[in-house]
Every structure is written in C-alpha cells, then in structure tokens.
Amino acid sequence: MTAGQEFDLAALQRALRAEVDGEVRFDAGSRGAYATDGSNYRHVPLGVVVPRTVEAGAAAVGVCSRFAAPVLSRGGGTSLGGQCTNEAVVIDWTKYCHRLVSVDPQGRTCVVEPGIVLDELNRQLAQHGLKFGPKPSTHSHCALGGMIGNNSCGASAQAYGKTADNIRRLEVLTYEGARFWAGPTGEDEYARIVTDGGPRAMIYQGLRDITGRHLAEIRRGYPKIPRRVSGYNLDSLLPENGFDVARALVGSEGTLVTVLRAELELVEVPAAEALLVLGFDDIYQAADAVPDLLEHSRPTQLEAIDGRMAQLMREEHAYLDSLESLPEGDSWLLVQFTGDTKQEADAQAYELLRALGRDEDDPKVALSDDPAREQEMLKAREAGLGVTARPPDGSETWEGWEDSAVAPEKLGAYLRDLERLFDRYGYQQASLYGHFGQGCVHTRIPFELREGKGIEAFRAFLFDAADLVASYGGSLSGEHGDGQARGELLPRMFGQTLVDAMGEVKALFDPGNRMNPGKVIHPHRVDADLRLGAAWRPEPKQTHFAYPDDGNDFGQAVLRCVGIGNCRTHQGGVMCPSYRATGEEEHSTRGRARLLFEMLGGHDDSPVTGGWRSTEVRDALDLCLACKGCKSDCPVGVDMATYKAEFLAHHYQGRLRPPAHYAMGWLPLWAHLTRTLAAPGLANAVLHAPALGRMGKMLAGIDPRRAAPLFAADSFQESWHRAAKPQPDPGDPRTVVLWPDTFTNQFHPHVADAAVRVLEDAGFHVAVPAGPVCCGLTWISTGQLTTARRVLERTTRVLQPWLEAGTPIIGLEPSCTAVFRTDAPDLLAGDQDITRLASQTRTFAEHLVNHAPDSWQPPRTSRAATVQTHCHQHAVLGTGPDRELMRRAGLEANVLDEGCCGLAGNFGFERGHYDLSRAIAEQGVLPAVRDTAPGAFVLADGFSCRTQIGQATTGRQALHLAEALALALDGPPPADHPEKAIPRPQPRPAAARLLTAGVAGTLTGLATAAVLATHRHRARRR
Ligand SMILES: Cc1cc2nc3c(=O)[nH]c(=O)nc-3n(C[C@H](O)[C@H](O)[C@H](O)COP(=O)(O)OP(=O)(O)OC[C@H]3O[C@@H](n4cnc5c(N)ncnc54)[C@H](O)[C@@H]3O)c2cc1C
Ligand code: SF4
Ligand code: SF4
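Only a predicted model underlies this, so the values are computations on that prediction, with no experimental measurement involved.

(A) Quick peek at the sheet that holds strand 9 (residues 179-182). An order of 5-6-10-8-9 is seen for the five strands of this open sheet, with the pairing classed as antiparallel. Taken across any chain shown, the strands that pair with only one partner, and hence form the sheet edges, are strand 5 (100-104) and strand 9. The mean angle between the axes of side-by-side strands here comes to 10°, regardless of whether they run parallel or antiparallel. Strand direction decides the pairing type here: strand 6 (residues 109-112) and strand 10 (residues 258-265), joined by four bridges, are antiparallel. Across the sheet, the residue bridging to valine 111 is glutamate 263, located in strand 10.

Given below as structure tokens:
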C-alpha cells in the first residue's frame, strides 16, 4: 500500500493473477510502456492486464472493484486528450479480444469485441460489401473499444456521422458489476427493466430522472452542430432520441462503463469515388467557401489542407506526389463524392463546379480520375498530425486545442478569431486544417510545456480558446474527446448546470469514481500531470551518435515519439515487425520510445531506474530488429535502430556482452581470419557438422535451428586481385569503386562478379579496395560503437584516393550502403572523409539509372519478379532507382509491401529470436515467395533476406538484382527456377560428418589416453 492508495497493491496483483485468464504485469517495464497515450499527459499505471477473453477482462474489472482499484480500458492508446493514461490498472484489450463475433449482412450489423482494429474489421466485412462508417485517421491501429470510448469519427463523418451515430447496442459492465446490453429503450422495455429491478433498473431510473430534471437545459445547451464530441451524450437520452443508453455511453472515455462487446451498424462500401480539389488564396477563404459548397452538393468528405502544412510536407520531403497533384493555391478543399458508378460520382463533382461557376480548366481546380491519386491526396490530409508535430526547424508543436468545432457557416470567422488569439499568445505558424465540411479544425500549437511561464500561458490560452469557441456556439472537441485536456473547460461550453448533470450520471454508474478518474468529469487540471512539465529534469546523456536533427540531444530524439501509434499497424510498410508478431505494446516502436523516455529519469515516479543499465529497456530493445522501419515509416522519424545501438553501447560498457555480440558482432573479423588461415572449407565443415556445429552455435549465442551462412571457396576480393586487373584511375569519370562488403565478399561473391559485369557493360571501370575493409555494420547493430568508429576510420584511410578524387562508391548490400549514408555521419560527425563517403556512396541501381551513359540499355530480361526490399533500403535509400532499372530491363516487378523478412542481420540468428524471426517472415514475405511462379525471379538485394528465404521451406533461392541482369547478358535465363544458373556455396554434409567423426575419434582417443595415463600413474604410486 502506498500513500494515498487505500488498497494493497501486492494483494491486488495476486488476486488478478489467480482469477484472471490473462497476462498480469506489474513490472517496471510494462508500467513504463503504458505511461502515456498520444497526449501531453503522463500517469504511471499501477499495472497492466492483458485479458485472453472478454470474460477474463470482465473478471479483471471485478477484482479491481473488490480492491477499489481504479481501472482504465485501453485500445490503441492513441487518445490525444489524456483519457488513456491513468494511475490505474490498465486493461489492454487489443492483444487477444479482437474478434468479429458475428455479422448480419442483411440487417447490416455486426458484433465485435473491443480490441478489434478498425481496418481489420473492415477487411473482414469487405466480403459482404460492408464497412463501419466512421473512420479516424488512426484507422489502421485504433480499436473499436477506443472509438466507442472517444466517439471517434473522421473525414467520413460527413457521410456517416460519428461513432455514436453508428452504434446499435453495447454490452457494458459497471465498476460495481452490473452487466447488460444497452441500446435505445422504448417504454415497454424501460418498464420491463424497472420491473426486473436490480442495479440496471436503478441506473435506468436514475438516467430518466436526471434527463427529466434537465430536459430544457439539455435541449438548449447542446450545440446543434455536426461535430459536438465534448461532454457526455445526455442528448441521446432525450425522449425524442429514444432514450438511447448505448449512444449516451459512447464518448464517455472509460469513465462510466467498460464496453465488453458492441453491436455496430454498417454501411455499404461505395462502388465509386470522385475527388474534386479546389485551391484558395488562404485557409480563411477556403473556410468561407464551405457553406456554398454544402448548399450545392452532398459530399461524402470535405477536408482542408493549408499552406503551412503543404510547406512542412515539402520541407520534410513527404507526400510530394500528392502536393504536386494539387491545383494552384495556398490552401485547398478536398471534396469527395461517391456513387454506384464512377460516372455518377464524377457527375456530382461536375455539377458542383457548374453551380460554383467554375470549370475543370480553372488552374485552381483539379478533378482526379485516378483512384490511386485520390487516395494519395487524401492520405496527405490524414498525415496532418504527423507532419505538423515535429517541423524540420526543430520546433515542437503539441495537442491541446487540436479539434475544436463550430457550425460550418461560422468557420471562416472563427478561424480568423482563433488566429488573432494565437497572435496574442505569440503562438506562430500553427497549421490549420481538418474536416471543414463539418466545421472541425485541427491544429497543433507550439506551446512551451517545460517551464512555468509557458505552462501558465498554455492554461490561459485554453481557457480563452474555450470561451472563444463557446461564443460561436461550438464544441471544445469536435473529434478527439475531452480527457484531461478539456475536462476542466467543460463548464465554459455547457455551463455548470449541465456539467453537474453529467456529474450525476457519473455518480450513477461509478459512485466511487474509480473508472478512469480525473478525466472528463471531476477532472484534473488541464496543466497538471504533463508528460514534460516544469519539474521535468531528464539526465543529460553523453552519446556516441550525434543526433544532428535533435540538437545533438538523445533525450530530444526520444521525445520525437508523440504517440501517434502508426507503429502498431499490421499491414503495409515495414514498421514495426516485432509488434506485428507479438502484439505487445512493449515491442512497438512507441513502447520502446516510452521506456527510453522513462529511463532518462525526468520524473520522480519513473518506474524505470538504473539509467543505461536498465534491464527493462534492454529487454524491450532485445526484440527490436534494428530494421530501421521506424526511421522512414514513423511520421516523426523515430529511429529506434540508432537508439538501440546507443543504448547497447552504454548498457554493456565495461561489462561482458552476450556471446552473439562477439560472434556476430565481430563477423567481419572472424571472416577475415578464416580467409587468412585459408580455412573457409574447414569453417563450413565445422559449422555444419552435426554435433560440433551445435556446440559452436551454443557458444556463439546462435539459435541451433539456424544454419550458419557458408563461406564461398574464394572471396570476391581474392578472385578479383588474383585476376590482377589494372586499377583504373580514380579521377577517370568512368571509374567506380565496388564496395566489397563482408556478406557479398565472403559468402555471395557471385553478386559482386555479376555487378562488375553489368557495370562494365554500362561502360564503367571498376576498382576494388585491396585488403579487409568494413562499414562497421555488425559492430553498430550490437552497440560496439567505439570499435565501429575505429573500423570506419580505417575504411576511410583505405578509400582515401577515391574519396579525394570524388569517385562514386557502389554498395551492393543495402545495410552496408545505408551505414555509409546515415550511421557513419552520425557516428563520426564532422569527419570530412566520412562526409565525402556519405555523399559519394550510391546503390547499384542509383548509379546505373542516374549515371550510366544515355546510350546504355540494361540487359533485357522479360520476366516477372517478386522483389523483397531490404528494410534499410526501404528506410534510408529508397526504391525509386531500383524500380526504374527493373522497368528498363523489362522485369515485371512485384515489389512486395509485406514488411521485414525477419532476419535483419544478426537478429534472426541470435538465440531466443528464431521463432519471432520466422513468424515475421511468415506474415507476408515467405508466403509471397511461395506464390511466385517457377519461371519468375525472386529478387532480394539484402543478404539477410536471401538467407531467410533460402533457409525457409520456399523451394526458392533469391538473387540480387545485379545477378538477374548479369544472367540476361548471356541470353534468356533458365525458364524454370532461374536461380539454378547462379553458383552459391553449397553445404557438404559428407565433409561435415567426416569432421564430426574425426573430432569425435580424436576426442575419444584423447580421453582413452588420459584414462590409461591416470591408471598408470595411480599404479606407480601404489
Ligand atoms: C495522429 C492522430 C490522428 C487522429 N485522428 C483522429 C481522427 O481523425 N478522428 C478521431 O476521432 N480521432 C482521431 N484521433 C484520436 C484517436 O486516435 C481516436 O479517437 C481513436 O479512435 C481512439 O482509438 P484507440 O483505440 O486508440 O483508443 P484509446 O486511446 O485506447 O482509448 C480511447 C478511450 O476509450 C476508452 N476505452 C477503450 N476501450 C474501452 C473499453 N473496452 N471500454 C470502455 N472504454 C474504453 C479508453 O479508456 C479511452 O478513454 C487521432 C489521434 C492521433 C494520434
Ligand atoms: S514511434 Fe512514431 S509511429 Fe510510433 S507512436 Fe511514436 S510517433 Fe507514432
Ligand atoms: S527498428 Fe524496426 S523493429 Fe526496431 S522499433 Fe523500429 S521498426 Fe520496430
């Protein structure tokens, strides 16, 4: 029991473990990972329960109730108002309770569990041509329980309304144990409920009583605008609204009931869409135009993007294609129409244009007829928060006044006043965008949340802004809910009487105030419990990497994570493979960023202690593949692979490391020694000998189920230098250096041979460094950063003539190429040779596409190809030139969007990672390879990806793009399994067995000799 806590935490924990079928975690790591949501607030939870079933979740609430412990339900944890962080027992519904229980296609309804993610639900409903209408921007990872909690909506609300408008019934559980299905309640049903008696009857009678006493106030005090999300939905209890208890509970943010199941109303997936984009001189004029547009049309979405957001996208090089397709203007309205046919949808757009007296030729008008482009443009709008959260100039913007709403006809005037308020507080350059068709405005504001004066101003601004929106008859929140950010402001909007009525409702459902306390009703102050705050004092850290985009500050880099939660998506891109496989918050990029934040120790109550030596952070990072997926896919560029390397460097400083760090971290060194001793054959035999290999793997920290990669008989450098070709002049513009990375050089030298052939075919003269060189990748990924730095310094010395001459350096292995481009400059900031190395490094495809003579045609190979992009290529190098090279070569490339292959360098080899590594691969990459036609290529430039594909039961070996092109130089590749034409090192089981037998024989001989010697010795002494 701790101060202010009236229950025994240890006993609570024991009871939860004993009575709940689920994972019960009160450890520091879990508590740290769940300490914040997407908001400015932070509360360390008491513990986390991950129920395996809905019944188990209900049981957890029951146990908490017995102990009077506060409870907080959690979905995707993307809330922006602080309603999903609390000093409570957090129930995470997303890992197991995510079933679509039933669908009634005729009645257009379905029943779901609370943890189901919206996109996943809609994927399952697609077979019926149905979907759930409301769609927040977080649709790829928000859960239905969270949507119900927040009364979520989004652009599609223009057509389908908010979540509350699409709920048929809810199965709910009160803190005190009443469990029932709630919905619209006719007189007969009401009478039956009252007759049945019990807690439910008391609640229903109480609700009737409260509504009855405040009828006039509710009718008058609830704004009649499309986007009123603030406050409890007392208006749903009005007689004219059918005394709908389910809808009244939607948006109560876990403060009244726990939702166990929901019956949803569904809508038809529209057959066709059309998008009309209109440009304006500024965002106010765009807002002014909305009423006219709504008078002449019935769009299904009416969204706005302003010039500031477009400018940030340009600066961040994000969504450039989308921006290019926008018409002239500084700000834009995106108007979407749907219909049964494309013509029908288009016709509505043309009709609107006519009504506005404009046409398609107007430079400020764009009417897209390409659905993919339409989606791209809408995606740019959805990305708003990510783009505006961390502008490239290093400033920070925060939520707080992120989703206010007024009637659409008042929007222009409201925005002008809001801008004046920004000016008064000196909050410059806030982007204004959002769901203008419903009068809802998004903005993130550069509040100063680290020092007292700034926080005072933050608070004063919120009160002024609340008064402003109330003066327009609007809503504090038009989308994201109240939580802690708006709870204290509710009286400004509703008046005290209505807020008191909401308090009565709270008392009816949760008399002890144990359900998500301090949020919405009886709220904590808007400026309390801040994630940062005036008392936040993180410990400054000396670091190995420079973090140039974060003011050379590791803490600032960690703060990048604003909790958007895109790292919890299950499809598309790469981020985050470990979360996709485990479903664990702690194994998402966000969970790891949270733990690092806690590790920095800015708050007294941080559960993570021990700084760099923290075992919680080590464990959370253990399953990070260092794939760099987050570096590109996270909207604010959290780069967990770098943070992991930094952490490992400090964590193990002066201590023994795990064996894998010495075995695989030092791989380039071992490989070089093996060559020097002329023993690649012996190394292959040892590593593949049944017993010896197992023992070797055990000592090296490698999973016994992993086959060690096979050394080639000759390394690429050996055969290259044996051929004694003259080194070309570094200054000759045709000269290129082919980088002999360890993986290509030692294990797949044919890749480099092939690259040389293609480069020479294109007229280049290839130079290859003599002697061992390395990019330091394996030392970086295992956090041996001092060694990595030395390795890189040695490399630049070897490369000096070429670096000075500006010779292009061609990388074949994406992970090594990415080191030169990003890790090396961060690790050796200010080193001029490293800067040269970064700017002179090119991928094979980049060089051929951008620098080969115009007259050169890549060898034609008209084949299909399944292409797995290495994660570091995806994150750092991009795939544009590869796609172009494949196009020019006639390859019909199916570039997979199935995420990481799961091997990720040393990760998949390490003991304890095998199952996860394979699970990740089976989520998309391996099935796609198995589905590849026998005559098609399987291409993977990454050694890891080729290894994972080759070691799985796919029946295929993947090739590097260079190998596919080189094959085509000799004519058509084999019609069946074209990789058959490629030489790869093959295991020699007989040699391995012989070696085992030999070693076993030797050991037996030695043991026998030792026994005999002992006997003789003893006999002599006797
Ligand atoms: C980048 C970004 C963009 C966003 N865009 C939108 C948008 O377009 N539209 C929009 O509406 N919102 C938006 N949001 C806010 C948020 O994503 C949505 O409200 C989302 O639907 C919340 O879902 P979740 O699963 O993350 O909920 P959570 O944050 O996990 O929970 C939300 C609330 O519901 C409660 N809750 C969760 N499960 C239950 C349950 N089983 N029983 C009772 N209560 C429960 C929680 O306690 C909490 O109070 C955005 C947020 C971010 C970060
Ligand atoms: S890591 Fe990136 S994507 Fe994940 S929650 Fe943080 S900001 Fe969002
Ligand atoms: S590096 Fe990869 S595994 Fe690690 S957090 Fe980022 S996306 Fe996830």
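(B) Just the pattern of salt bridges, in detail. Per the stated rule, a full pass over the model turns up 68 salt bridges. Across the pair aspartate 21 and arginine 52 runs a salt bridge, and its minimum N-O distance is 3.2 Å. Here arginine 52 lies in the loop between strand 2 (47-51) and helix 3 (54-67) and aspartate 21 lies in the loop between helix 1 (9-19) and strand 1 (22-25), a separation of 31 residues in the sequence. On the accessibility criterion, aspartate 21 (41% relative accessible area) is partly exposed. A salt bridge links arginine 261 to glutamate 55; its shortest N-O distance comes to 3.7 Å. Of the two residues, arginine 261 sits in strand 10 while glutamate 55 sits in helix 3, which places them 206 residues apart along the sequence. On the basis of relative accessibility, which here comes to 42%, the residue glutamate 55 falls in the partly exposed class.

(C) Structural view of the packing of helix 36 (residues 785-798) against helix 38 (residues 814-827). Where helix 36 contacts helix 38, the axes come no closer than 10 Å and their chain directions differ by 110°. The angle between the axes of helix 36 and helix 38 places the two elements in the roughly perpendicular class. Every pair of crossing elements has a handedness; the one defined by helix 36 and helix 38 is left-handed. Mapping the contact onto sequence places Leu785, Ala788, Arg789, Leu792 and Thr795 in helix 36 and Phe820, Ala824 and Leu827 in helix 38. Here the contact of helix 36 with helix 38 is built from residues that sort into six nonpolar, one polar and one charged.

(D) Here's a closer look at helix 25 (residues 615-622). Those residues of helix 25 not exposed but buried are Val617, Ala620 and Leu621. Down the axis of helix 25, the smallest arc covering the buried residues is 95°, so these residues share one side. At its buried positions, helix 25 is contacted by helix 24 (589-599) and helix 27 (640-651).

(E) Fine view of the site of ligand 1. By nearness alone, 35 residues border ligand 1, and Gly75, Gly76, Thr78, Ser79 and Cys153 come closest of all. Asparagine 150 places a polar side-chain atom, nitrogen or oxygen, 3.0 Å from an oxygen atom of ligand 1. A distance of 3.0 Å is found between a nitrogen atom of ligand 1 and a side-chain nitrogen or oxygen belonging to glutamate 479. Among the secondary structure elements, those contributing two or more residues to the shell around ligand 1 are strand 3 (71-74), helix 5 (144-150) and strand 10. It is helix 5 that contributes the most residues to the shell around ligand 1, five residues altogether. Residues that form the shell around ligand 1 fall into these classes: 14 nonpolar, 18 polar and three charged.

(F) Focus on helix 17 (residues 411-425). For helix 17, spanning 15 residues, the distance from its first C-alpha to its last is 21 Å, which sits close to the expected 21 Å at 1.5 Å a residue. Within the sequence span of helix 17, burial applies to Leu411, Gly412, Tyr414, Leu415, Leu418, Leu421 and Phe422. Of the surrounding secondary structure, the elements contacted by the buried residues of helix 17 are helix 11 (283-296), strand 17 (440-442) and helix 18 (452-471). Following helix 17 by one or two positions, glycine 426 has its phi on the positive side, about 70°.

(G) Structural detail: the sheet that holds strand 24 (residues 937-940). In space, the three strands of this open sheet follow the order 23-22-24, with parallel pairing throughout. On the outer flanks of this sheet lie strand 23 (892-895) and strand 24, each paired with one strand and no other. Strand after strand, the sheet turns through a mean of 30° between neighbouring axes, direction not considered.

(H) Expanded view of the side chain of glutamine 717. Following the sequence through the fold, glutamine 717 ends up in helix 32 (residues 716-722). Since its relative accessible area comes to 10%, glutamine 717 is described here as buried. Not counting residues within four places of it along the chain, the set of residues in contact with glutamine 717 comprises Pro740, Asn745, Val768, Pro769, Ala770, Gly771 and Val773.

(I) Just the pairing of strand 2, in detail. Most of strand 2 sits inside the fold, with five of its five residues counted as buried. Residues of strand 2 alternate between two faces, with Gly47, Val49 and Pro51 on one and Val48 and Val50 on the opposite face, all of them buried. As paired elements, strand 1 and strand 2 share four bridges and run antiparallel to each other. Of the residues in strand 2, the one forming a bridge with glycine 22 is proline 51. Where strand 2 and strand 4 (residues 89-92) come together, three bridges link them in parallel fashion. When the sheet's bridge partners are listed, valine 49 is paired in strand 4 with isoleucine 91.

Rules of the game
- Residues numbered from 1 in each chain as written.
- Chains lettered and ligands numbered in written order.
- Predicted model: local features only at pLDDT ≥ 70, side-chain atom pairs only at ≥ 80, totals over all residues.
- Heavy atoms only, no water.
- Pairing = 2+ DSSP bridges.
- Helix = DSSP H or I, 4+ residues; strand = E, 2+ residues; numbered from the N terminus.
- Axes fitted to C-alpha atoms, helices over the stretch in contact; angles between N-to-C directions.
- Salt bridge = Lys/Arg side-chain N within 4 Å of Asp/Glu carboxyl O.
- Buried < 20%, exposed > 50% of the residue type's maximum accessible area, 1.4 Å probe, protein only.
- Parallel < 35°, antiparallel > 145°, perpendicular 65-115°, else oblique.
- Left-handed = near helix turned anticlockwise from the far one by under 90°.
- Contact = heavy atoms within 4.5 Å.
- Nonpolar A, V, L, I, M, F, W, Y, C, P; charged D, E, K, R; others polar.
- Arc of directions from axis to C-beta.
- Near = heavy atom within 4 Å.
- Polar contact = N/O pair within 3.5 Å; in protein donor to acceptor, adjacent residues only side chain to side chain.
- Expected span 1.5 Å × (residues − 1).

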